[in-house]
Protein chains: 2
Amino acid sequence: MAETGKEITIYDIAQKLNISAATVSRGLKDHPGVNKNTKRKILATANEMGYRSNSFASNLRNRKSNIIGVIVPRLNSNFMSDVIAGIEKVVNKAGYTLFISQSLELMQNEVSNAKAMFNNRVDGVLVSLAYDTTNIEHFEFFTKRDIPVVFFDRVIEHAKYPSICIDNYKAAYSLVSHLIEQGCKRIVHISGDQRRNVYADRTRGYQQALKDNQLPFDKELLIVNDLTKESAIAAAKKVLGMKPRPDAIFAANDYCAVNCILEIKKAGLKVPGDIAVAGFNNDQMACVVEPHLTTIDYKGFEMGEFAARMIINHLANPGELQNTHSLILRSELIIRESSLKKPAI
Amino acid sequence: MAETGKEITIYDIAQKLNISAATVSRGLKDHPGVNKNTKRKILATANEMGYRSNSFASNLRNRKSNIIGVIVPRLNSNFMSDVIAGIEKVVNKAGYTLFISQSLELMQNEVSNAKAMFNNRVDGVLVSLAYDTTNIEHFEFFTKRDIPVVFFDRVIEHAKYPSICIDNYKAAYSLVSHLIEQGCKRIVHISGDQRRNVYADRTRGYQQALKDNQLPFDKELLIVNDLTKESAIAAAKKVLGMKPRPDAIFAANDYCAVNCILEIKKAGLKVPGDIAVAGFNNDQMACVVEPHLTTIDYKGFEMGEFAARMIINHLANPGELQNTHSLILRSELIIRESSLKKPAI
DNA sequence: AACTTTTTTGCAATCGATTGCAAAATAAAT
DNA sequence: ATTTATTTTGCAATCGATTGCAAAAAAGTT
């Protein structure tokens, strides 16, 4: 078993077996040209001496780190935790490890994280953009060196970068259609920074659903803020003061929706009776608030798996960057009480 | 600026400046023995040629990875996201990067993650234990090689490993005392696996608070499960069926507490009127549920910072492992409506 | 037994950065 | 101008694993 103190190298194994380090190196990685018996011996001695491969030496020689970088806005959601788990699963199987960091929704951090990853020579990067990222020049370092960059969830339209996300437009469209179907006519949409696809697309879906149902789009009913609790409460208050009062709120995420519900109830109004509310993401708290929240569900684990596979594929078949453009995953409308004005049939 | 294609090494810089690679190496890291002018030139050329240090070569030579491993049960809470952010802050400042992985509450994953980190030659490891971890032999690899391991939050009593957590006993004691002070006499405690300090200590605090207030400890009132939503609901149902009916539930985490509240309300009873409820952790959802949840708050960011500092210190002053044993951070009782039987004074 | 073919192995260079030691260059002192 | 002290630099070995190429060993043919 492993001994204390000094590290064992292939040279130590070679010496003990009276063979060359080259053979040990080949033997350890099951090179076909090595005699089966020798291989067995090498493996046995390696184990017995407590050998562990030195990845620095190997990486140095191979000019490859076997590390995939992941930059996300925040790790604090079930969604993101699932994404990471999905990525880990695929990536580990392919022999890579992860280098994860959070931008905390600030472009500034995103930039420095990207630099750190570049300097650590990651073999590929998975990115979900920060709230306030205005450009993606900080990823050009990677493309210049042919290091694949894949965006997921918070993606950006760019010929160079493949991406994975759900159809936010369609999801929002179906959600708003549902609200309309429930009899809502003045639907407020609370969204985030319109530079982020997830918010812009949801807004478009909202607008199109209105249009397709002959409902006018009233600019006043579109509220864009930073989706924090405070902004959610402020937005809710604003809605409550509008005349005529809107009969529904579609918030771009669950946390915002939930805080709207609380605020509406605090004002003595009923959800969904007076105002129906819907969110996006199907967070845990969607089933904690009362009434439970109608929302859009999509699978983080799956998204992580796909994103990871995309990167791994690029690494396995370099030069095919252009083949895969973008991938759209499915999402699902989850109808709960917060939007049910009519009794369920 | 950075060129496309090939990587620049110190040899390229050396050649361009007609000096030796040794000087370039020293110049780049501000070695005192290098002429100021030469340094300036080296830095300038490095920039201009788009040089980035090759960490593999450097790590190989220095026998040091500058990577800190972090193993956590799950990344899905605000708490954990804050911890990671705190760790990142300290660790980055000291020139390290993070290698994060989740055990998903399974010892099996924790073991393989630990191995992966060991093989990647992390310089230190920060760990919060999985739900079902029964022993910590998988960390002996590290101690044998004098690689520091620091536990945080979900810690374990062990002379070899320093740890950081809050005083779960005291926190639970103060929380239960508060419930008693509100007039509760039959208090249920729902907890998790008692092998985890966080749960065992909370249970102890609960029991001691009862004792100090002349309340009998009824075994039936201590429910141990896995704290999932399903278990929470089952536990709540059990409580509702008890005779005489308990007048309070102290759950070992907020998610469990929240689901109890929902279940109690579903049964037509009032919280806190019929049954007071309290949780632990001050998750976002504590303020989503109605009534808002009384709970214990403690700062993940701080905990991350401290844990990281501890590891960094150990790395800076090796051999002082025994100096720092364990650190107890403060926590705070947050009283909200879910436990207020008496009107606030 | 001599020769050809096939399997196995080893030599030695390579991947870049680092650093002890000594040499060279410069500055200071005589 | 010499000698001594001080700064700067460079040489060359080292950190382990990898791999093209060639040599050695084993197996197969005549």
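Rules and cut-offs
- Residues numbered from 1 in each chain as written.
- Chains lettered and ligands numbered in written order.
- Predicted model: local features only at pLDDT ≥ 70, side-chain atom pairs only at ≥ 80, totals over all residues.
- Heavy atoms only, no water.
- Axes fitted to C-alpha atoms, helices over the stretch in contact; angles between N-to-C directions.
- Helix = DSSP H or I, 4+ residues; strand = E, 2+ residues; numbered from the N terminus.
- Parallel < 35°, antiparallel > 145°, perpendicular 65-115°, else oblique.
- Left-handed = near helix turned anticlockwise from the far one by under 90°.
- Contact = heavy atoms within 4.5 Å.
- Least-squares fit on C-alpha atoms with pLDDT ≥ 70 in both.
- Near = heavy atom within 4 Å.
- Polar contact = N/O pair within 3.5 Å; in protein donor to acceptor, adjacent residues only side chain to side chain.
- Nonpolar A, V, L, I, M, F, W, Y, C, P; charged D, E, K, R; others polar.
- Buried area = accessible area lost by both parts, 1.4 Å probe.
- Salt bridge = Lys/Arg side-chain N within 4 Å of Asp/Glu carboxyl O.
- Disulfide = S-S within 2.5 Å.
- Buried < 20%, exposed > 50% of the residue type's maximum accessible area, 1.4 Å probe, protein only.
- Expected span 1.5 Å × (residues − 1).
- Arc of directions from axis to C-beta.
- Domains from an automatic or database assignment.

Participant: Give me the lowdown on the packing of helix α10 (residues 229-241) of chain B against helix α11 (residues 254-266) of chain B, citing residues and values where you can.
Facilitator: Residue and element names in this part refer to chain B. Close contact between α10 and α11 brings their axes to 8 Å; oriented N to C, the two are set at 50°. Taken together, the axes of α10 and α11 lie oblique to each other. Of the two elements, α10 crosses α11, and the hand of that crossing is right-handed. Residues K229, A232, I233, A236, K237 and L240 of α10 lie in contact with α11, whose contacting residues are Y255, C256, N259, C260, E263 and I264.

Participant: Could you give an account of the relation of the copies chain B and chain A, naming the residues involved and the relevant values?
Facilitator: Once chain B is rotated about the relating axis by 180° and shifted along it by 0.0 Å, it coincides with chain A to within an RMSD of 0.1 Å. The two molecules are tied by a two-fold rotation axis, judged by turn and shift. When you check the interface residues of chain B against chain A, 100% turn up at the interface there too, and the contact is symmetric in its surfaces.

Participant: Run through the protein's contact with DNA strand C, naming residues and quoting values.
Facilitator: Taken together, the neighbourhood of DNA strand C is formed by 28 residues, with S20 of chain A together with I10, R26, Y51 and R61 of chain B sitting nearest. Within the side chain of T23 of chain A, an N or O atom sits 2.7 Å from a phosphate oxygen of DNA strand C. One nitrogen or oxygen atom from the main chain of A57 of chain B is found 3.3 Å from a base nitrogen belonging to DNA strand C. Those elements giving two or more residues to the surface near DNA strand C turn out to be α2 (21-28) and α4 (55-62) of chain A together with α1 (10-17), α2 (21-28) and α4 (55-62) of chain B. The biggest single contributor to the surface near DNA strand C is α4 of chain B, with five residues. Looking at the surface near DNA strand C residue by residue, the class counts come to ten nonpolar, twelve polar and six charged.

Participant: For the interface of chain B and chain A, give the residues involved together with the corresponding values.
Facilitator: Taken together, the contact between chain B and chain A spans 52 residues of the former and 52 residues of the latter. For the chain B and chain A pair, buried surface summed over both sides reaches about 4900 Å², with 52% attributable to carbon and sulfur atoms. When the area that chain B buries against chain A is broken down by residue, the three leading residues are R52, F56 and R121 of chain B, summing to 18%. The tally of links from chain B across to chain A stands at six salt bridges.

Participant: Can you break down the state of the cysteines residue by residue, with the values?
Facilitator: Under the criterion given, the structure shown has zero disulfides over all chains. Counting only cysteine sulfurs, C260 of chain B is the nearest neighbor of C184 of chain B, a cysteine outside any disulfide, at a range of 14 Å.

Participant: Can you explain unusual backbone geometry? Please cite residues and give values.
Facilitator: Residues and elements named next belong to chain A. Following K243, the chain continues to P244 via a peptide bond in cis, the omega torsion being -5°. Mapped onto the fold, P244 is located in the loop between α10 (229-241) and β8 (248-251). Cis geometry marks the peptide bond from V271 to P272, where omega comes out at 5°. Positive phi outside glycine occurs at R121, with the angle close to 55°. Mapped onto the fold, R121 is located in the loop between α6 (107-119) and β3 (124-127). On the basis of relative accessible area, R121 is assigned to the buried category, the value being 10%. One non-glycine residue, N281, lies in the positive phi region at around 125°.

Participant: Can you break down α10 of chain A residue by residue, with the values?
Facilitator: Residues and elements named next belong to chain A. The end-to-end C-alpha distance of α10 is 19 Å, a good match for the 18 Å that 13 residues give at a rise of 1.5 Å each. Restricting attention to buried positions, one finds in α10 the residues S231, A232, A235, A236 and V239. Angularly, the buried residues of α10 cover 135° about the axis, an arc narrow enough to put them on a single face. Across α10 from its buried face, at more than 90 degrees, point the exposed residues E230 and K237. Those residues of α10 hidden inside the fold are in contact with β6 (187-191), β7 (222-224), β8 and α11 (254-266).

Participant: Pulling in residues and values, what's your account of the domain arrangement of chain A?
Facilitator: Residues and elements named next belong to chain A. Domain annotation of chain A identifies domain 1 (10-53), domain 2 (66-166 + 300-330) and domain 3 (168-298 + 333-339). Distance between the C-alpha centres of domain 2 and domain 3: 29 Å. Contacts between domain 2 and domain 3 engage 16 residues on the former and 14 residues on the latter. The contact between domain 2 and domain 3 buries some 1300 Å² in all, and 49% of this surface belongs to carbon and sulfur atoms. Broken down residue by residue, the surface that domain 2 buries against domain 3 is led by Y131, R154 and I166, which jointly contribute 47%. Looking at the side of domain 2 that touches domain 3, the elements that each hand over two or more residues are α5 (78-93), β5 (163-166) and α12 (300-316).

Participant: Outline the protein's contact with DNA strand D, listing residues and values.
Facilitator: In the neighbourhood of DNA strand D, 28 residues make up the surrounding shell, with I10, R26, Y51 and R61 of chain A together with R63 of chain B lying closest. Each atom of DNA strand D within 4 Å of the protein was classed as base or backbone; sugar and phosphate made up 60%. Measuring from a phosphate oxygen of DNA strand D, one finds a backbone N or O atom of S20 of chain B at 2.6 Å. Only α1 (10-17), α2 and α4 of chain A together with α2 and α4 of chain B provide two or more residues apiece to the surface near DNA strand D. Here the surface near DNA strand D is built from residues that sort into ten nonpolar, twelve polar and six charged.

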